[in-house]
Amino acid sequence: MSALLDLIRAEIAASGPMRVDRYMALCLSHPQHGYYMTRDPLGARGDFITAPEISQMFGELIGLWLVDLWQRAGAAPFHLVELGPGRGTLMADALRAAGGAPGFAQAVRVHFVEISPALRIEQAARVPQATHHDSIETLPDDAPLFVIANEFFDALPVRHWLLRPGAPEGLSERLIDVDGDRLVWQPAQVPAGTVIVEQCPAAEAVAQDLAARIAAQGGALLAIDYGYDRPGVGSTLQALARHAHVDPLEQPGEADLTAHVNFRALGAALGRGGLTRHGPVSQGQFLRALGLDVRAATLVRANADATESIMAAMRRLSEPDQMGELFKVLAATAPSMPTPAGFA
């Protein structure tokens, strides 16, 4: 048994069955034993890979998206914020692509919101000028905020509710309990006629808080994640270890826990905060609108020996049967901002 499992079992023994969001928070961000606090989870030797690690094209196109919006909004000094920036690869690629725009390097101040000590080291090596923050609360308020959130909201804790249409008791919460040395769901089986309703109050709270700040300061937010934009039911909670799906209740703190992002709820929270929403659109549609095919062709001309790997990366990022359809892109802008590229 892991040290974190012992702590979870002790908390359940003392306080009763545990909510799913509490479990996720402990597994991912416990100060000593949390998944993100103890390792670099990315890459072939880790547990998963994200779009910026697949190809430089991803970050470069986001950098050009940013330059275009920044220029059309007046090219004023601004703060560029990335939430959960992984190894810093996306930001490094984006800044390299954007750096040629007149005045951009002088106008931008880079900020990372990151809790992982291991990943902060990686980020500092790639983007040494970035200022680190533990939360959005300490972000500056003296200039527009341009916020990038790539695979950030999927890691925020969710709650599971059991809904039985027509039942007088209405909603009840699905919890996590202990059976011997194991963690188990309570109830173990969802009763017939009952559905799981998944909600992420943490994502909506972060989105609304950020939106209120952007509405006041100016700027925009770009969220890219896997998820859905139509109401649905059922659990999307999943765990990944060594690039394979595992039981979310096994080995807490040793596997990545995520859930699909409800883009409808996320967009509504951004709207409540005072922003204008754009999208969501599929990742494939968004990247192709920004010139993914042209960028891939340019890289092929510069390095013909890498043609196969470049084209494979382009397909992985954009094809519907890979990341192109499951991943969605949502933007939200301050009321005075123009419509961002990719959302015409």
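Please read all numbers here as calculations on a predicted model, not as lab measurements. (Residues numbered from 1 in each chain as written. Predicted model: local features only at pLDDT ≥ 70, side-chain atom pairs only at ≥ 80, totals over all residues. Heavy atoms only, no water.)

Asks: Lay out the pattern of salt bridges with the relevant residues and their values.
Replies: With the rule as written, the count across this model stands at 15 salt bridges. A salt bridge links Arg96 to Asp93, with the nearest nitrogen and oxygen atoms 3.0 Å apart. Taken as a pair, Arg96 and Asp93 lie in helix α5 (residues 89-98) at a separation of 3 residues, close to a single helical turn. The partly exposed category is assigned to Arg96, whose relative accessible area is 46%. Asp134 serves as the salt-bridge partner of Arg120, at 2.7 Å between the closest nitrogen and oxygen. Residue Arg120 is found in helix α7 (residues 117-126), and its partner Asp134 is found in the loop between β4 (131-133) and β5 (145-150); the two are separated by 14 residues along the sequence. Linked by salt bridges that have partners in common, Arg19, Asp21, Arg159 and Glu173 make up one network. (Salt bridge = Lys/Arg side-chain N within 4 Å of Asp/Glu carboxyl O. Helix = DSSP H or I, 4+ residues; strand = E, 2+ residues; numbered from the N terminus. Buried < 20%, exposed > 50% of the residue type's maximum accessible area, 1.4 Å probe, protein only.)

Asks: Go over unusual backbone geometry with me, naming the residues and quoting the values.
Replies: With an omega dihedral of 0 degrees, the bond running from Gln186 to Pro187 counts as a cis peptide bond. Note on placement: Pro187 falls in the loop between β9 (182-186) and β10 (195-199). With omega at 15 degrees, the peptide bond leading from Gly279 into Pro280 counts as cis. Topologically, Pro280 is positioned in strand β16 (residues 276-282). For Glu151, which is not a glycine, the phi torsion comes out positive at approximately 50 degrees. Relative to the assigned elements, Glu151 resides in the loop between β5 and β6 (159-163). Within the chain, Gln251 stands out as a residue other than glycine whose phi angle is a positive 50 degrees. With respect to the element layout, Gln251 can be found in the loop between β13 (244-246) and β14 (256-258).

Asks: Before we move on, can you summarise the nonpolar core with the specific residues and values?
Replies: In terms of nonpolar packing, the biggest core is built from 107 residues, with Phe104 and Phe153 touching the most fellow members. Top element by residues in this core is helix α4 (residues 56-72). It accounts for 9 residues. (Core = buried A, V, L, I, M, F, W, Y, C linked by side-chain atoms within 4.5 Å.)

Asks: Can you explain the sheet that holds β14? Please cite residues and give values.
Replies: Strand order in this open sheet of 3 strands is β13-β12-β14, and the pairing throughout is antiparallel. Because the sheet does not close on itself, it has two edges, and the strands there are β13 and β14. The average undirected angle you get between the axes of adjacent strands in this sheet is 40 degrees. In this structure, strand β12 (residues 238-241) lies alongside β14, joined through 3 bridges in antiparallel fashion. The partner of Leu240 across the bridge, within β14, is Asp256. (Pairing = 2+ DSSP bridges. Axes fitted to C-alpha atoms, helices over the stretch in contact; angles between N-to-C directions.)

These figures come from the coordinates and say nothing about function on their own.
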